Amino acid sequence: MRAAKERAALLKNQVVVNVDKLRPTNSFGTPDFVARGFYADRPFNCKTCASPQVWTATQQRWWYEIAQGDVWTVAVLCRPCRRRERERRNDAREVHLAGLAKKASKR
């Protein structure tokens, strides 16, 4: 009973890993969260704007178990910078496709 209470206290702000839902990997290593058995909040600085951020345990579970992200990837961009990067890529794709359509219409 005491061990269960200690484990519950330890896992208060963590989310337990469901290894069966992780994407298969060909690596010989084991990610730290799998070895630990739970996701823990992970602080990082945004690669673009350098603002301090926290990749929460719940966000990690979503990324690794639901979105099937690679177990060796970690968050590097904050949400606003991710949105800007997504919009930049979409705009670049539209310009590229418009250029291809224009080129095809000249034939």
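So, here's what we can say about the structure. (Residues numbered from 1 in each chain as written. Predicted model: local features only at pLDDT ≥ 70, side-chain atom pairs only at ≥ 80, totals over all residues. Heavy atoms only, no water.)

Along the chain, Gln60 falls in helix H3 (residues 57-66). Reaching out from Gln60, the side chain makes a polar contact with the backbone oxygen of Ala40 at a distance of 2.7 Å. For Gln60, the side chain forms a polar contact with the main-chain oxygen of Trp55, separated by 2.9 Å. Contact partners of Gln60, with chain neighbours within four places excluded, come to Tyr39, Ala40, Asp41, Arg42 and Trp55. (Helix = DSSP H or I, 4+ residues; strand = E, 2+ residues; numbered from the N terminus. Polar contact = N/O pair within 3.5 Å; in protein donor to acceptor, adjacent residues only side chain to side chain. Contact = heavy atoms within 4.5 Å.)

In this structure, Val17, Leu22, Phe33, Tyr39, Phe44, Trp55, Ala57, Tyr64, Val71 and Ala75 together form the largest nonpolar core, which totals ten residues. In contact with Leu22, other than residues within four places in its own chain, are Val17, Phe33, Val34, Tyr39, Tyr64, Glu65, Gln68 and Val71. (Core = buried A, V, L, I, M, F, W, Y, C linked by side-chain atoms within 4.5 Å. Buried < 20%, exposed > 50% of the residue type's maximum accessible area, 1.4 Å probe, protein only.)

Turning to H3, a few remarks are in order. Taken residue by residue, H3 has Ala57, Gln60, Tyr64 and Glu65 as its buried positions. Around the axis of H3, the buried residues are gathered within 100 degrees of arc, so they sit on the same side. Elements that come into contact with the buried residues of H3 comprise strand S1 (15-16), helix H2 (32-36), strand S2 (38-39), strand S3 (42-45) and strand S4 (52-55). One or two positions beyond H3, positive phi appears at Gln68, with a value near 60 degrees. (Arc of directions from axis to C-beta.)

Take a nonpolar patch on the surface next. The grouping of Trp62, Trp63 and Ile66 at the surface amounts to a nonpolar patch, some 320 Å² of accessible area in total. Structurally, Trp62 can be placed in helix H3. The exposure class of Trp62 is partly exposed, given its relative accessible area of 47%. (Patch = residues over 30% accessible without salt bridge, like charges linked within 9 Å, V, L, I, M, F, W, Y side chains within 5 Å. Areas by Shrake-Rupley, 256 points an atom, 1.4 Å probe, with all protein chains shown as cover. Salt bridge = Lys/Arg side-chain N within 4 Å of Asp/Glu carboxyl O.)

In this structure the tally under the stated criterion is five aromatic pairs. Among the aromatic residues, those joined into a cluster by ring pairs are Phe33, Tyr39, Trp55 and Tyr64. For the cation-ring pair, Arg36 lies above Phe38, with the distance from its terminal atom to the ring centre recorded as 5.3 Å. (Phe/Tyr/Trp six-rings, centres within 6.5 Å; stacked < 30°, edge-to-face > 60°. Lys NZ or Arg CZ within 6 Å of the ring centre and 35° of its normal.)

Moving on to the pattern of salt bridges. Taken as a whole, this structure holds four salt bridges when the rule is applied. For the salt bridge of Arg61 with Glu65, the shortest nitrogen-to-oxygen distance reads 4.0 Å. Of this pair, Arg61 and Glu65 both sit in helix H3, separated by four residues, roughly a single helical turn. The network of salt bridges with common partners includes Glu85, Arg88 and Arg89.

Within the secondary structure layout, Ala50 lies in the loop between S3 and S4. As a C-alpha pair, Ala50 and Val76 span 26 residues in sequence and 9.7 Å in three-dimensional space.

Okay, the pairing of S4 next. Bridge count for S3 against S4 is four bridges, and the pairing is antiparallel. Bridge pairing in S4 links Asn45 to Pro52. Here S3 hands over to S4 after six residues, with Ala50 in that stretch at a positive phi of 65 degrees. (Pairing = 2+ DSSP bridges.)

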